[in-house]
There are 2 protein chains.
Amino acid sequence: MLDLEHFLPYRLSVLSNQVSAGIAETYAERFGISVTEWRVIAILGRYPGISATGVAERSAMDKVAVSRAVHRLIEQGRVSRESNADDRRAKHLFLSEQGREVFDAIAPAALAYEERLLAVLTDDERQALDALLDRLINASHP
Amino acid sequence: MLDLEHFLPYRLSVLSNQVSAGIAETYAERFGISVTEWRVIAILGRYPGISATGVAERSAMDKVAVSRAVHRLIEQGRVSRESNADDRRAKHLFLSEQGREVFDAIAPAALAYEERLLAVLTDDERQALDALLDRLINASHP
DNA sequence: CCATATTAGTTACATTTGAAACCATTTTCA
DNA sequence: TGAAAATGGTTTCAAATGTAACTAATATGG
């Protein structure tokens, strides 16, 4: 018998939404930034000079979403672009100084949220969760 | 240092989206039904006569989404409504025979998907995952 | 070579979604 | 009581999103 409340896919969805909303609270208001924009910033903070396609791969967002987020971030002066000599279709993306400020402000808050959430687990449990998620993510790959 | 790919909230989001998309494949095409509609059906299959607000609470969807899904399901002849004598604002919701057919068809497929996903885990690991999710869901409550 | 296929990224259109305003009814409590 | 607040549910409007079509540039195989 299917009971939504004990159904793994459903529970994952609930948890994921609650957590995303919780984190969004820490930055949405303060910086007028959406989840997709934040994800692009997070990727660029970690991998400066990556292309839009690279961002899409690493963020599991589709390329249209990335394109739009990048467009808005450039408008906001938070991201800059440099053309790629080797492949003139692709552009290298970077955080501007303002983008870096956003990243530096949000990243600790996001990590603090994660820490607060994981505080209910012991170290062993965290590792176990990590490993379980790894395997499930691999297993669920299209 | 924040690294999106190892950040729990992000990983949850990726896994949840992959899984939801995987399950949706099993019914979207076949029944022309969306995730929200399927969730309403799943709840009504389990709790016949529940109100729209009850559905929203149990499904963690917002009431606008429920209202719209119910509306579409009624149009499709898959859900029926009965007014509530005690409170004339609220209505009792039920699966029609056709709605029940959809439920009976999808539920096993959804469970099979879950089973396929969980097949990569041992029984002990499943229980561990279940317990970990419980605690995280409670911890992440607004 | 060069015609064809592929890839990076954008745009256009339709659909979905969310927030806020909105009825209608019920509850509260002064 | 009855005026104000709360609740169930719907509607409206703007913003977010997905799909498909598109441009421009690069790669490939005959």
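Going by the structure above, here's the rest.
Residues numbered from 1 in each chain as written. Chains lettered and ligands numbered in written order. Predicted model: local features only at pLDDT ≥ 70, side-chain atom pairs only at ≥ 80, totals over all residues.

Attention shifts here to helix α4 (residues 63-75) of chain A. For α4(A), which comprises 13 residues, the first-to-last C-alpha distance of 18 Å matches the rise-based estimate of 18 Å (1.5 Å per residue) to within 8%. Residues of α4(A) that are buried make contact with α2 (35-46), α3 (52-59), β1 (79-83), β2 (91-95) and α5 (97-118) of chain A. (Helix = DSSP H or I, 4+ residues; strand = E, 2+ residues; numbered from the N terminus. Expected span 1.5 Å × (residues − 1). Contact = placed C-beta atoms within 7 Å.)

Here we take up the relation of the copies chain A and chain B. With an RMSD of 0.2 Å, chain A superimposes on chain B once it is rotated by 179° and translated 0.0 Å along the axis. What the rotation and shift describe, once combined, is the action of a two-fold rotation axis. Interface overlap between copies: 98% of the residues of chain A at the interface are likewise at the interface in chain B, consistent with a symmetric, same-surface contact. (Least-squares fit on C-alpha atoms with pLDDT ≥ 70 in both.)

Near DNA strand D lie 18 residues; those nearest to it are A:Arg88, B:Ala52, B:Thr53, B:Ser67 and B:Ala90. Listed by contribution, the elements that provide at least two residues to the surface near DNA strand D are α4 of chain A together with α3 (52-59) and α4 (63-75) of chain B. The element best represented in the surface near DNA strand D is α4(B), accounting for four residues. Residues belonging to the surface near DNA strand D are distributed by class as follows: six nonpolar, five polar and seven charged. (Near = placed C-beta within 6 Å. Nonpolar A, V, L, I, M, F, W, Y, C, P; charged D, E, K, R; others polar.)

Further remarks concern the protein's contact with DNA strand C. Near DNA strand C, the surroundings consist of 18 residues, among which A:Ala52, A:Thr53, A:Ser67, A:Ala90 and B:Arg88 are the closest. Mapped onto the surface near DNA strand C, the elements with two or more residues apiece are α3 and α4 of chain A together with α4 of chain B. Considering each element in turn, the surface near DNA strand C owes the most residues, four residues, to α4(A). Split into classes, the residues belonging to the surface near DNA strand C amount to six nonpolar, five polar and seven charged.

Our focus in this paragraph is the packing of α3(B) against α4(B). Residues and elements named next belong to chain B. Packing of α3 against α4 brings their axes to within 9 Å, and their N-to-C directions diverge by 120°. On the basis of the axis angle, α3 is oblique to α4. Judged by the twist between their axes, the crossing of α3 over α4 is right-handed. On α4, the residues touching Ala52, Thr53, Val55 and Ala56 of α3 are Lys63, Val66, Ser67 and Val70. (Axes fitted to C-alpha atoms, helices over the stretch in contact; angles between N-to-C directions. Parallel < 35°, antiparallel > 145°, perpendicular 65-115°, else oblique. Left-handed = near helix turned anticlockwise from the far one by under 90°.)

Of the residues lining the interface, 45 residues belong to chain A; the matching set on chain B comes to 44 residues. Sort the elements by how many residues they give to the side of chain A that touches chain B and helix α1 (residues 8-31) of chain A lands first, with 14 residues. Classifying every residue of the side of chain A that touches chain B gives 27 nonpolar, nine polar and nine charged.

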